[in-house]
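Here is how the chains run, residue by residue.
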Amino acid sequence: MNLPSLHIRKTREALVLSAVTVILVIVIVTALAFDFTNGFHDTANAMATSISTGALKPFAAVAVSAAFNVIGALLSVEVATTITAGIVDLQAPALVDSSGSDKLLVLVFAGLVGAILWNMFTWLLGLPSSSSHAIFGGIIGAAVGSLGLSGVQWSNIMGKLIVPAVVSPVIAAIVAACATALVYWITNTIPEKQKATHFRHGQVITACLVSLAHGAGDAQKTMGVIFLALIATGHADATQRIPFIVIIACAAAIALGTLSGGWRVIRTLGKGLVDLEPPQGMAAEATSAAIILTSAAGGMALSTTHVTTGAIIGTGFGKKGATVRWGVALRMVSAWIITLPCAALVGFLTYEIAKVFWNTSLLVGVLVDVAILLATVAYIIVRARRNKVDASNVNAEWIPDTETIDSSITGSTEIDEILKRDMEKILSGSLDSAAASEIAATQAPSRRQAIAELREQRESIIAQLREIDMRLESELFAQADEDPTTRTQHRKAPGSTSEHVK
């Protein structure tokens, strides 16, 4: 081989090496971005009930959750091994040939894109779907695109993903229902105000435990993804322990995501499913923490979302007179069912887009995927700002008969404005049929009926106030007739009172 051709070959190998290094950096950054979305998407699992019952203020709740997520991420790495060795067949022939490392790297990247887009989409809808299943679904789809159906370890997926996804919310609901019923039975003789105060204090402890459990389970999934990328590029061996720097980076990313709030999902879990009281909140959190920590210790990649949602629904069964909004619950379950296939589809398409550029430049394909990812995320964020949910309105009452996060917010704002305007018209005596018909035409039947009932109650109260005012006026005039020296003073007082009420 002559020197010029040798030089060209070495240059080409150097360029390929540098391209792989750039892709590795992109994969790591994308993995940490997923961890960030995991943090704000799943904050609700730990803190929705505490915020809903008033045990913690919204910003204090997310700060506490972030701190305990970091601690939980440092406890164990058992779940991370499910990612590295439980889904993709690392010994598949396509991964051990000369281009195997490139395929595995792009596979990991495509799986992350699928998970991020699904997390962002369900966050926009305020649906507490599973980030765990999103990342698994994304990797499964990308693995099918890269290795075919044989490259996925389906037995592990059935045993460690599908079965726990079906069983865990049912178990959580049963345990939480029993715990709620027991709590209310034991504390039946304690005054409600005192009971609520003590259980709010207890909720702070149980909420911290759920955050600890979330960090111990969900942060490890991202550790496993990054470790898989390091294995693909030869920077790590599948048999070694996950590097400490990876653990710290993932813990920090999920903590920062938790600090950002994720208010849309918090509102759905805290207000949309069940109107929670402090004893229910504590029972739900204690149940969730116990189940999630147990599964994390056993290396089972359990969804904290499924467990927490099941526990909250269970508290609705456990408290006499409590109601569960089944419309909201069914939307959540529907999202759970389609999470794996939808994330898998996005992961598959992402891998296929990158593969189009395989013969020219693998880096170009990855950059095209990155551009699509950023554009889609930007659109979702802009769309979410139309009906913004933040710490100021996350605890606002959920409008009855509404099932979506947007309608629960916009409906509340509309009714507040209408009631304010109607009060001004009633006090000024200018509410007429035209105004009433204009208001009624803009409302859904259920809301229109609720507003009509509230309006009748308010007019009845105003009539009672006017009657009381007239009686008070009569009494004051009678007193003034008995005492001529105060007649003038008393006549002024009732006149001003009547004018004020009118």
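In this report, we go over the structure that sits alongside the text. (Residues numbered from 1 in each chain as written. Predicted model: local features only at pLDDT ≥ 70, side-chain atom pairs only at ≥ 80, totals over all residues. Heavy atoms only, no water.)

Okay, the overall build of the protein next. Looking only at helices and strands, the protein features 18 helices and zero strands. Within the protein, the fraction of its 502 residues that count as buried is 51%. Accessible surface computed for the protein: about 23,100 Å², of which carbon and sulfur atoms make up 65%. (Helix = DSSP H or I, 4+ residues; strand = E, 2+ residues; numbered from the N terminus. Buried < 20%, exposed > 50% of the residue type's maximum accessible area, 1.4 Å probe, protein only. Areas by Shrake-Rupley, 256 points an atom, 1.4 Å probe, with all protein chains shown as cover.)

Now for the environment of Cys178. Along the chain, Cys178 falls in helix H7 (residues 154–186). Residue Cys178 is classed as exposed on the basis of its relative accessible area of 51%.

As a further point, take a nonpolar patch on the surface. Taken together, Met158, Val163, Val166, Val167, Ile171 and Val175 make up a surface patch of nonpolar side chains, about 480 Å² in accessible area. When its relative accessible area of 41% is taken as the criterion, Ile171 is described as partly exposed. (Patch = residues over 30% accessible without salt bridge, like charges linked within 9 Å, V, L, I, M, F, W, Y side chains within 5 Å. Salt bridge = Lys/Arg side-chain N within 4 Å of Asp/Glu carboxyl O.)

Under the criterion given, the structure shown has three salt bridges. The residue Lys195 makes a salt bridge to Glu192 at a minimum N-O spacing of 3.4 Å. Within this pair, Lys195 and its partner Glu192 are both found in helix H8 (residues 192–232), separated by three residues, close to a single helical turn. Judged by relative accessible area, which is 4%, Lys195 ranks as buried.

Relative to the helices and strands, Thr187 resides in the loop between H7 and H8. On the basis of relative accessibility, which here comes to 8%, the residue Thr187 falls in the buried class. Contacts of Thr187, omitting those with residues within four sequence positions, involve Lys195 and Phe199. (Contact = heavy atoms within 4.5 Å.)

What follows covers the nonpolar core. Core analysis: the largest hydrophobic core is formed by 102 residues, its most contacted members being Val27, Leu105, Leu112, Trp123, Ile135, Met223 and Leu273. Excluding residues within four positions of it along the chain, Leu273 makes contact with Thr268, Thr309, Ile312, Ile313, Thr323, Val324, Arg325, Val328, Ala329 and Met332. (Core = buried A, V, L, I, M, F, W, Y, C linked by side-chain atoms within 4.5 Å.)

Taken as a whole and judged by the stated rule, the model has four aromatic pairs. Summarising the aromatic geometry, the rings of Phe59 and Trp263 are spaced 5.8 Å apart at their centres and angled 85° between planes, so their arrangement reads as edge-to-face. Placement of the pair is Phe59 in helix H2 (residues 58–73) and Trp263 in helix H10 (residues 263–272), with a sequence separation of 204 residues. Judged by relative accessible area, which is 9%, Trp263 ranks as buried. When the ring of Trp118 is compared with that of Phe121, the centres are 5.8 Å apart and the planes differ by 45°; the resulting orientation is tilted. Residue Trp118 and its partner Phe121 are both found in helix H5 (residues 100–125); the two are separated by three residues, about one turn of the helix. Lying over the aromatic face of Trp123, Arg264 brings its terminal NZ or CZ to 5.9 Å of the ring centre. (Phe/Tyr/Trp six-rings, centres within 6.5 Å; stacked < 30°, edge-to-face > 60°. Lys NZ or Arg CZ within 6 Å of the ring centre and 35° of its normal.)

To characterise two packed helices, one gives the angle between the axes of the helices and the distance between these axes. Relative orientation of the contacting elements helix H12 (residues 304–318) and helix H13 (residues 326–356) amounts to 160°, with a least axis distance of 12 Å. With respect to H13, the axis of H12 lies roughly antiparallel. Crossing handedness for the pair H12 and H13: left-handed. Facing H12, whose interface residues are Thr305, His306, Thr309, Ile313 and Phe317, H13 presents Trp326, Ala329, Met332 and Trp336. Class assignment of the residues belonging to the contact of H12 with H13 gives a composition of six nonpolar, three polar and no charged. (Axes fitted to C-alpha atoms, helices over the stretch in contact; angles between N-to-C directions. Parallel < 35°, antiparallel > 145°, perpendicular 65-115°, else oblique. Left-handed = near helix turned anticlockwise from the far one by under 90°. Nonpolar A, V, L, I, M, F, W, Y, C, P; charged D, E, K, R; others polar.)

Attention now moves to the packing of H8 against helix H9 (residues 244–259). Relative orientation of the contacting elements H8 and H9 amounts to 130°, with a least axis distance of 9 Å. Considering their axes alone, H8 and H9 lie oblique with respect to each other. The way H8 lies across H9 gives a crossing that is right-handed. The segment H8 lies against H9, with His214, Asp218, Ala219, Thr222, Met223, Ile226 and Leu230 engaging Val246, Ile247, Cys250 and Ile254.

Attention shifts here to the environment of Met332. Its location among the elements puts Met332 in helix H13. On a C-alpha basis, the gap between Met332 and Leu269 in space is 10.0 Å, while along the polypeptide they are 63 residues apart. Discounting chain neighbours no more than four positions away, the residues touching Met332 are Leu127, Pro128, Thr268, Leu269, Leu273 and Thr309.

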